[in-house]
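Reading the structure
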Amino acid sequence: MAEVVVYSGGELLAAAAAARLVTRLADLQAAKGSASLVLTGGGTGIAVLEQLRRSPARDAVDWSRLDFYWGDERFVPADDDERNEKQAREALLDHVPVDPKRVHAMAASDGEFGDDVDAAAAAYARVLADNAPAGSDVPEFDICLLGLGGEGHTASVFPDSPAVHETERSVVAVRDCPKPPPTRVSLTLPAIRRAHDVWLMTTGEAKAEAVALALSGASEVQVPVAGARGQQRTLWLLDRTAAGKLPTT
Ligand SMILES: O=C(O)[C@H](O)[C@@H](O)[C@H](O)[C@H](O)COP(=O)(O)O
């Protein structure tokens, strides 16, 4: 059952999401020594990382015992401002003592696979498998952060796209993406659903229809974010405008 929390505005949502993350990650590390977090691109996802950097409680998290993954990445050169990894590093990762071996970035288009986005996707699937428990090819991520688009995409899984129909692979190449840049690497919905917690974070009236459809049982093929569910918890963090089409209780 999804949980929905509505905040008065986007800045408060990002600050509250950051506070939730500090507490949850510190609790997970106290319980089991480490934690794993899937990062997202997009304005809200990066705003949360910036709030995390500024949080007075930030270093309650042992950044060296945290595994970072990405839900998707734009397949552009490493120093391109469009890179989710570059934005995440500028917002947070370059400001805290992470363990570089535990920052699992997706390949850039000028990286070891050149412009072969399929090879980049296959390589990331191997990274996931290498960090997965026996018998699985995807880690049991503790928290998977996601944004969503007005037409219902999440990560780089778009409505009625090859990616949303993918049931076997954990990571796919995405071409001709409606949201630029056009070429990306993305986790698939089955991989996202390996997460214990999935946190969907978004603001703005443009997302209200997709939020309402996803929370009222729309099919994941038409509204991919409807398929972004955690094994234990699916938490929607919204501002009032993004929640504007939800039934009022
Ligand atoms: O790489 C990306 O573009 C993101 O992963 C994408 O899924 C994003 O989270 C949504 O499009 C929401 O983006 P905004 O928060 O900027 O609306």
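Residues numbered from 1 in each chain as written. Predicted model: local features only at pLDDT ≥ 70, side-chain atom pairs only at ≥ 80, totals over all residues. Heavy atoms only, no water.

The protein chain goes by 6-phosphogluconolactonase in an unreviewed UniProt entry, where it is assigned to Amycolatopsis endophytica. According to the UniProt record, the Sequence similarities (unreviewed entry) comment for the protein chain is "Belongs to the glucosamine/galactosamine-6-phosphate isomerase family. 6-phosphogluconolactonase subfamily." Comment text from UniProt for the protein chain, heading Function (unreviewed entry), reads "Hydrolysis of 6-phosphogluconolactone to 6-phosphogluconate." (UniProt positions renumbered as here; feature names shortened; annotations may be inferred.)

This part takes up the site of the ligand. In the vicinity of the ligand, 15 residues are found, and the nearest of them are Gly43, Asp72, His153, Ala155 and Lys207. Take Gly41: an N or O atom from its main chain is 3.0 Å from an oxygen atom of the ligand. Between an oxygen atom of the ligand and a side-chain N or O atom of Asp72, the distance comes to 2.7 Å. Protein contacts shield 88% of the accessible area of the ligand, which totals 420 Å² for the unbound molecule. Contributions of two or more residues to the shell around the ligand are made by α2 (43-54) and β4 (72-74). Looking at side-chain class alone, the shell around the ligand contains two nonpolar, eight polar and five charged residues. (Near = heavy atom within 4 Å. Polar contact = N/O pair within 3.5 Å; in protein donor to acceptor, adjacent residues only side chain to side chain. Areas by Shrake-Rupley, 256 points an atom, 1.4 Å probe, with all protein chains shown as cover. Helix = DSSP H or I, 4+ residues; strand = E, 2+ residues; numbered from the N terminus. Nonpolar A, V, L, I, M, F, W, Y, C, P; charged D, E, K, R; others polar.)

A sheet is described by the order of its strands in space; here three strands give the open sequence β4-β7-β6, paired in antiparallel fashion. Strands with a single pairing partner mark the edges of an open sheet, and in this sheet they are β4 and β6 (171-174). When strand polarity is set aside, the average angle formed by the axes of neighbouring strands in this sheet is 15 degrees. The strands that helix α4 (residues 117-130) touches are β6 and β7 (184-187); relative to β6, the one it contacts most, it runs at about 160 degrees. (Pairing = 2+ DSSP bridges. Axes fitted to C-alpha atoms, helices over the stretch in contact; angles between N-to-C directions. Contact = heavy atoms within 4.5 Å.)

With that out of the way, let us pick up the sheet that holds strand β9 (residues 233-239). Spatial strand order, β1-β9-β8-β5-β2-β3: six strands in an open sheet with parallel pairing. Here the strands that pair on one side only, and so sit at the sheet edges, are β1 (3-7) and β3 (66-70). On average, each strand axis in the sheet is inclined to that of its neighbour by 20 degrees, with strand direction left out of account. Two strands pair when backbone bridges link them, and strand β5 (residues 143-146) and strand β8 (residues 197-202) are joined in this way by four bridges, in the parallel orientation. Bridge assignment links Leu145 to a residue of β8, and that residue is Trp199.

Note that Arg83 resides in the loop between β4 and α3 (84-91). Residue Arg83 is classed as buried on the basis of its relative accessible area of 1%. Polar side-chain contacts of Arg83 include one of 3.1 Å to the backbone oxygen of Ala107. Excluding residues within four positions of it along the chain, Arg83 makes contact with Glu73, Arg74, Val76, Pro77, Ala78, Met106, Ala107 and Ala108. (Buried < 20%, exposed > 50% of the residue type's maximum accessible area, 1.4 Å probe, protein only.)

Cis geometry is found at the peptide bond from Pro180 to Pro181, where omega equals -5 degrees. With respect to the helices and strands, Pro181 occurs in the loop between β6 and β7. Located in the positive-phi region is Ala155, a residue other than glycine, with phi close to 50 degrees. Structurally, Ala155 is set in the loop between β5 and β6. Of note in the backbone geometry, Asp176 takes a positive phi value of approximately 55 degrees without being a glycine. Looking at where Asp176 falls in the secondary structure, it is placed in the loop between β6 and β7.

At a closest axis distance of 8 Å, the pairing of helix α1 (residues 10-32) and α2 adopts a crossing angle of 60 degrees. For the element pair α1 / α2, the angle class is oblique. In this structure, α1 crosses over α2, and the sense of that crossing is right-handed. Here Glu11, Leu13, Ala14, Ala15, Ala17, Ala18, Leu21 and Val22 of α1 lie close against α2, whose contacting residues are Thr44, Ala47, Val48, Gln51 and Leu52. In the contact of α1 with α2, the residues fall into ten nonpolar, two polar and one charged. (Parallel < 35°, antiparallel > 145°, perpendicular 65-115°, else oblique. Left-handed = near helix turned anticlockwise from the far one by under 90°.)

Turning our attention to the pattern of salt bridges. Under the definition given, this model contains 19 salt bridges. Salt-bridge contacts for Glu3 lead to Arg233; the nearest nitrogen and oxygen are separated by 2.7 Å. Placement of the pair is Glu3 in strand β1 and Arg233 in strand β9, with a sequence separation of 230 residues. Judged by relative accessible area, which is 33%, Glu3 ranks as partly exposed. In this structure, the salt-bridge partner of Arg89 is Asp94, at a minimum N-O distance of 3.3 Å. When salt bridges with common partners are traced through the structure, they connect Glu73, Arg83, Glu85, Arg89 and Asp94 into a single cluster. (Salt bridge = Lys/Arg side-chain N within 4 Å of Asp/Glu carboxyl O.)

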